[in-house]
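Inside the fold
So you can see what is in the structure, the chains are spelled out below.
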Amino acid sequence: MPRMRGAEALVKTLEKAGVKYIFGLPGHGNMNILDAIYDSTQIKFMLVRHEQAAAHIADGYELPLRRFTSFIARVSSEVGVCCTSVGPGAANLIMGIAAAGSTSSPLLTISGGIIAKWTGRGQLQETSRAETPTDQCYTQVLQPLVKKVWNITEPTLIPDITRRALAIAQADRPGPVAIEIPWSLQAEFHDIEIPDPNDYAYGRRVRADAESVKIAVDKLRNAQFPVIVAGNGAMISGAESEIIQLAELLGAPVATSFVAKGIIPEDHPLSIGMVGWLGHPVAHEIIREHADCVLVVRFRFSDESTSWWTEGKPFVKENKFIQIDIQQYELAKVYPVEVGLLGDAKATLQEINTLIQSQGGRADADKTKSAVKTIKDNFHLELPPMEQKPMEPLRIANELRNVLPRDSILAVDTGMHAHYFAAFYPIYGPKLLQNPGGWTPMGWGPTAIIGAKLARPDADCVCVTGDGGFTMVCQEVLTAVEWNTPVVWIVFNDKALNAIRHGQRGAYDGRIIGTEFTTRADFAAMARAFGAEGITVEKHADIKKAVKHALNCGKPCVIDMITVSDPIPPPTAGDWCEPVRAWVEPKKRRKGKEEKGKEKTEK
Ligand SMILES: Cc1ncc(C[n+]2csc(CCOP(=O)(O)OP(=O)(O)O)c2C)c(N)n1
Ligand SMILES: [Mg+2]
């Protein structure tokens, strides 16, 4: 049996699993791991400026690579891997770990731990304190955030735990896993066998039971107006072609959550846009006014996707749900379902499609298709005037869609600027939108996009972000320069945390506090100081030229967009339960708001 350090056992296992990059930042707690990576010809250590960014970059890297095309899963490079030191370095990862949970990203974090035998004595960077109830503080802090966390106590277990961690990160609903390795154990020599993680890969395309599939097919074929609603899990499962095939067989329109945008190209005749708070009026009209049978595919009915579970925005009691999910407790969690299909989305849709096909499709498919066309044709988006200055986000979104290639990847961040990229920025294919999911941490988009470019160097990778979110992670522009990953950040520079400020204007009678910046940062100059390209744009008419230059300059580029302070809200169809000064039930609140004609706001 080969003799090696614990750190070498870790790196050799990751090599066998196909890992190419480890994102992170060193400290005394992971120096042995870095030293083992030094000898690897396969794995590159990718140095960032802040550990939070390492995790978000790993998210962005992993998403375009997901390709669950085979029925037998492979434990592989599809997992994003991060490595940090002990204590503060590991703690800086927490934001990224929680975000990966929300975006269902398979993420493996490896952090150093304090010297095992002196645990609890108060070592340098030991997270536990004398008076804390446990000496395992870091792993305990992670427990609610990860699918599983290990503290290694025996170096010979490293290969086994690492391969299981990679498998668990990808199983059913993917998510983060974490391993803490005391730095003393990283340096211990043992006889260690490295198994091939792929020998332990297992089939995971679970198909819903045949009886339930048959009932679902009967209901879909006999529906007056069937509609399909897809969530992120449908994308994770790689079910895009099955969804389109089913839509065409049934003549059923397809709506999505924000995260699942692009699972059907949004210019497909049966695409009706996203649902919920920032939903498209067409999707809402069809679901509210016409849909009887609604097939939801790994769609979790979150507050954002249902306007706080409000009747008519878009779902109504006339909608009878058939729900596919890989997790039993998601079935009928919020709304009653007529048929619950427990299984993988792609595999279960294949069963449904085969059965529908063998029964000759749905008789009224063409009738529904033409009804969808009429409703879509009746919707017209009114854009703010081209000559308006400072610029309006809705017009910017429209200009960007016109200039960015169909297959470019767009990452959105959190904030008011992102609202314009929900319903009114069409995405034309799966995995072309990167979205921070329901946890919405500011700074996710600008970092995730660097990972996307690393995974897809051939694609144009663009992030839209706010001045607030960008400044939380803007040091990573340096990282993109150093890695030679030429991404484009489009910063909506409105001198405000506008999503919140806008809420203060509406629901707090204009009592603005803590949401306005006194300085308008010059992000173009900042970018140039970091070795990137920087452009300032003040007129809508200059957007296309600036974006073309940014995409072709061969360097990372920041476009500083000077935007209006009080932008026209996008004409979305949903609602969000804004935190007003006194708690009012959403229903009453909405009525009051409609009477007053107030605008909606964000968290
Ligand atoms: C890390 C983090 N802190 C706070 C929030 C709450 N929050 C949501 S949107 C927002 C404002 C974002 O400002 P900016 O990035 O400038 O975008 P804008 O709304 O101005 O377009 C804030 C503070 C958050 N989502 N994430
Ligand atoms: Mg802002």
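Rules and cut-offs
- Residues numbered from 1 in each chain as written.
- Chains lettered and ligands numbered in written order.
- Predicted model: local features only at pLDDT ≥ 70, side-chain atom pairs only at ≥ 80, totals over all residues.
- Near = placed C-beta within 6 Å.
- Helix = DSSP H or I, 4+ residues; strand = E, 2+ residues; numbered from the N terminus.
- Nonpolar A, V, L, I, M, F, W, Y, C, P; charged D, E, K, R; others polar.
- Pairing = 2+ DSSP bridges.
- Axes fitted to C-alpha atoms, helices over the stretch in contact; angles between N-to-C directions.
- Contact = placed C-beta atoms within 7 Å.
- Buried ≥ 20, exposed ≤ 12 C-beta atoms within 10 Å, placed from the backbone.
- Core = buried A, V, L, I, M, F, W, Y, C linked by C-beta atoms within 7 Å.
- Domains from an automatic or database assignment.
- Parallel < 35°, antiparallel > 145°, perpendicular 65-115°, else oblique.
- Left-handed = near helix turned anticlockwise from the far one by under 90°.

The next point concerns the site of ligand 1. The environment of ligand 1 is formed by 19 residues, the closest being Gly415, Gly466, Gly468, Gly469 and Asn498. Going through the elements one at a time, helix 18 (467–473) and helix 20 (498–507) are the ones with two or more residues in the shell around ligand 1. A per-class count over the shell around ligand 1 returns eight nonpolar, eight polar and three charged.

What follows deals with the sheet that holds strand 12 (residues 293–297). Pairing is parallel across the open sheet formed by six strands, whose spatial order is 11-10-9-12-13-14. Two strands bound the open sheet, and with one partner strand each, they are strand 11 (271–274) and strand 14 (339–342). Across this sheet, the average inter-strand angle for adjacent strands is 15°, counted without regard to direction. Together, strand 9 (227–230), strand 10 (254–256) and strand 12 form the strand contacts of helix 11 (residues 240–250), whose direction differs from that of strand 9 by roughly 165°. Where helix 12 (residues 281–289) meets the sheet, it contacts strand 9, strand 10, strand 11 and strand 12, and its direction lies at approximately 105° from that of strand 11.

Helix 20 sits mainly inside the fold: seven of its 10 residues count as buried. Residues of helix 20 that are buried: Asn498, Ala499, Ile500, Arg501, His502, Gly503 and Ala507. In the stretch just after helix 20, aspartate 509 is the one whose phi turns positive, near 55°.

Core analysis: the largest hydrophobic core is formed by 175 residues, its most contacted members being Ile228, Ile243, Val297 and Ile559. Formed by five residues, the second largest nonpolar core is a distinct cluster that contains Met416, Ala496, Leu497 and Ala499.

A word on the domain arrangement of the chain. Here the domain parsing of the chain yields domain 1 (3–203), domain 2 (210–377) and domain 3 (393–572). Taking only C-alpha atoms into account, the centre of domain 2 sits 31 Å from that of domain 3. Taken together, the contacts link 18 residues of domain 2 with 16 residues of domain 3. Of the residues in the side of domain 2 that touches domain 3, the class split is eight nonpolar, five polar and five charged.

At a closest axis distance of 9 Å, the pairing of helix 16 (residues 393–403) and helix 22 (residues 543–552) adopts a crossing angle of 50°. When the axes of helix 16 and helix 22 are compared, the pair comes out oblique. Handedness of the helix 16/helix 22 crossing: right-handed. For the pair formed by helix 16 and helix 22, the contact residues are Ile396, Glu399, Leu400 and Val403 on the first element and Ile543, Lys544, Val547 and Lys548 on the second. Taken together, the residues of the contact of helix 16 with helix 22 break down into five nonpolar, no polar and three charged.

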